[in-house]
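Results of the structural survey
Listed below are the residues making up each chain.
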Amino acid sequence: MNVTIDWFAFLQVFAAALIGAAAIVTFYAVGLRLLVRSGRAPIVSPAEFTDAITVISEKELKRAAKQAAKAAKKSPLTEGQKTVALVGAYACFVLCGVAVIAGILIIVVGH
C-alpha cells in the first residue's frame, strides 16, 4: 500500500483556513469598534454559575454602564455618523455570520 500526499491541495486548504479565520476575526473586531463608536458599547451582565467565580460584580456593572453612557455623550460624532457606524457594525456582524454559515455548508454539502 502506497500513500501519496497532494501537498498543493494541503497548502490550498491551509491558506483558505488561515484567510477565513483572519477575515472572521477582523470583521468581528471592526464590528465591535464601530458599535462602540456609535455609542452603544456592549456591557455584559455578570455570569452566575454554581461553583464558579463571578466575573464582574453588580456594582462594577453599574459603573461600567455609567461610564459607557458618559462616553457616548462625549462622542464628537454627529447623529448621522453614529447611525452609519451602527449600520456598519451590524454589517460586519452579518458578514461574520455569513462566513461561518458558508464554511459549515461547504463542509456539510461538499464542493
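So, here's what we can say about the structure. (Residues numbered from 1 in each chain as written. Predicted model: local features only at pLDDT ≥ 70, side-chain atom pairs only at ≥ 80, totals over all residues. Heavy atoms only, no water.)

1. What to know about the overall build of the protein
Within the protein, the secondary structure is distributed over 3 helices and 0 strands. When its helices and strands are written in sequence order, the protein yields α-α-α. By residue count, 12% of the 111 residues in the protein fall in the buried class. Sequence-distant contacts, at least 24 apart, represent 65% of the contacts inside the protein between residues at least 6 apart. With an accessible surface of roughly 9100 Å², the protein has 70% of that area assigned to carbon and sulfur atoms. (Helix = DSSP H or I, 4+ residues; strand = E, 2+ residues; numbered from the N terminus. Buried < 20%, exposed > 50% of the residue type's maximum accessible area, 1.4 Å probe, protein only. Contact = heavy atoms within 4.5 Å. Areas by Shrake-Rupley, 256 points an atom, 1.4 Å probe, with all protein chains shown as cover.)

2. Some points on the packing of aromatic side chains
The final tally for this structure, using the stated rule, is 2 aromatic pairs. A ring pair is formed by W7 and F10, whose centres lie 5.7 Å apart and whose planes are at 80°; its orientation type is edge-to-face. With W7 and F10 both in helix α1 (residues 7–37) and 3 residues apart, the pair spans about one turn of that helix. Judged by centre distance (5.6 Å) and plane angle (55°), the rings of Y28 and F93 are tilted. Here the residue Y28 occupies a position in helix α1, and F93 occupies one in helix α3 (residues 79–109), the gap between them amounting to 65 residues. (Phe/Tyr/Trp six-rings, centres within 6.5 Å; stacked < 30°, edge-to-face > 60°.)

3. Comments concerning α3
Taking 1.5 Å per residue as the helical rise, α3 with its 31 residues ought to reach 45 Å, and the 44 Å between its terminal C-alpha atoms agrees with that figure. Residues K82, A85, L86, A89, C92 and C96 constitute the buried set of α3. The first or second residue beyond α3 is G110, which carries a positive phi of 115°. (Expected span 1.5 Å × (residues − 1).)

4. Some points on the packing of α1 against α3
Here α1 crosses α3 at 155°, and the two axes come no closer than 8 Å. The angle between α1 and α3 falls in the class roughly antiparallel. Two packed elements cross with a definite hand, and for α1 against α3 that hand is left-handed. Of the residues in α3, those in contact with I24, F27, Y28, V30, G31, L32, L34, L35 and R37 of α1 are K82, A85, L86, G88, A89, Y90, C92, F93, L95, C96, A99 and V100. Tallied by class, the residues present in the contact of α1 with α3 amount to 17 nonpolar, 2 polar and 2 charged. (Axes fitted to C-alpha atoms, helices over the stretch in contact; angles between N-to-C directions. Parallel < 35°, antiparallel > 145°, perpendicular 65-115°, else oblique. Left-handed = near helix turned anticlockwise from the far one by under 90°. Nonpolar A, V, L, I, M, F, W, Y, C, P; charged D, E, K, R; others polar.)

5. As for the environment of G88
Along the chain, G88 turns up in helix α3. G88 gets classed as partly exposed once you look at its relative accessible area, which sits at 21%. C-alpha of G88 to C-alpha of R33: the two residues are 55 residues apart in sequence and 9.9 Å apart in space.

6. Overview of α1
Over its 31 residues, α1 extends 45 Å from the first C-alpha to the last, a length consistent with the 45 Å expected when each residue adds 1.5 Å. Of the residues trailing α1, G39 is marked for its positive phi of about 90°.

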